[in-house]
Amino acid sequence: MSTKNPVADRLLDEARRRTAKSESPTLGKAALIVGIIALIVSPVSILGWIVGITALGLGAAAVRRPVCVKQAKIAMTLGAAAILVGVFFFTLAIAMR
């Protein structure tokens, strides 16, 4: 870095930080983990719905990053499946009464 133009140096540092943040696969991994957890807890209907919606939201946010598109799509699929399984078990519980 040069000290000739501190404003340009600061802007360059900020641009590098933003680029590094958008290339990080952390959000995709987090969405995938939440999606797996959502599918596991989905038989508990309300909890499956909440965690499934969270997986969908994280997946939607991660899809915008080019590094983790595949993980985000898998997480969104798992979240949607968890919601459907939760609805099934909720309907089953109501029908058994």
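Residues numbered from 1 in each chain as written. Predicted model: local features only at pLDDT ≥ 70, side-chain atom pairs only at ≥ 80, totals over all residues. Heavy atoms only, no water.

A. Just helix α3 (residues 45-62), in detail. When the terminal C-alpha atoms of α3 are compared, their 25 Å separation across 18 residues agrees well with the 26 Å that a helix rising 1.5 Å per residue should span. If you check which residues of α3 are buried, you get S45, G48, V51, G52, A55, G59 and A62. Each buried residue of α3 lies within a common arc of 130° when the element is viewed along its axis, so the set occupies one face. Contact partners of the buried residues in α3: α2 (26-41) and α4 (69-95). (Helix = DSSP H or I, 4+ residues; strand = E, 2+ residues; numbered from the N terminus. Expected span 1.5 Å × (residues − 1). Buried < 20%, exposed > 50% of the residue type's maximum accessible area, 1.4 Å probe, protein only. Arc of directions from axis to C-beta. Contact = heavy atoms within 4.5 Å.)

B. Inspection of the packing of α3 against α4 at higher detail. For the pair α3 and α4, interaxial distance at closest approach is 8 Å and the crossing angle is 160°. Here α3 lies roughly antiparallel to α4, going by the angle between them. In the packing of α3 onto α4, the handedness of the crossing is left-handed. Contact with α3, carried on its side by S45, G48, W49, G52, I53, A55, L56, G59, A60 and A62, involves A72, A75, M76, G79, A80, A82, I83, G86, V87 and F90 of α4 and no other residues of that element. For the contact of α3 with α4, the per-class residue count stands at 14 nonpolar, 6 polar and no charged. (Axes fitted to C-alpha atoms, helices over the stretch in contact; angles between N-to-C directions. Parallel < 35°, antiparallel > 145°, perpendicular 65-115°, else oblique. Left-handed = near helix turned anticlockwise from the far one by under 90°. Nonpolar A, V, L, I, M, F, W, Y, C, P; charged D, E, K, R; others polar.)

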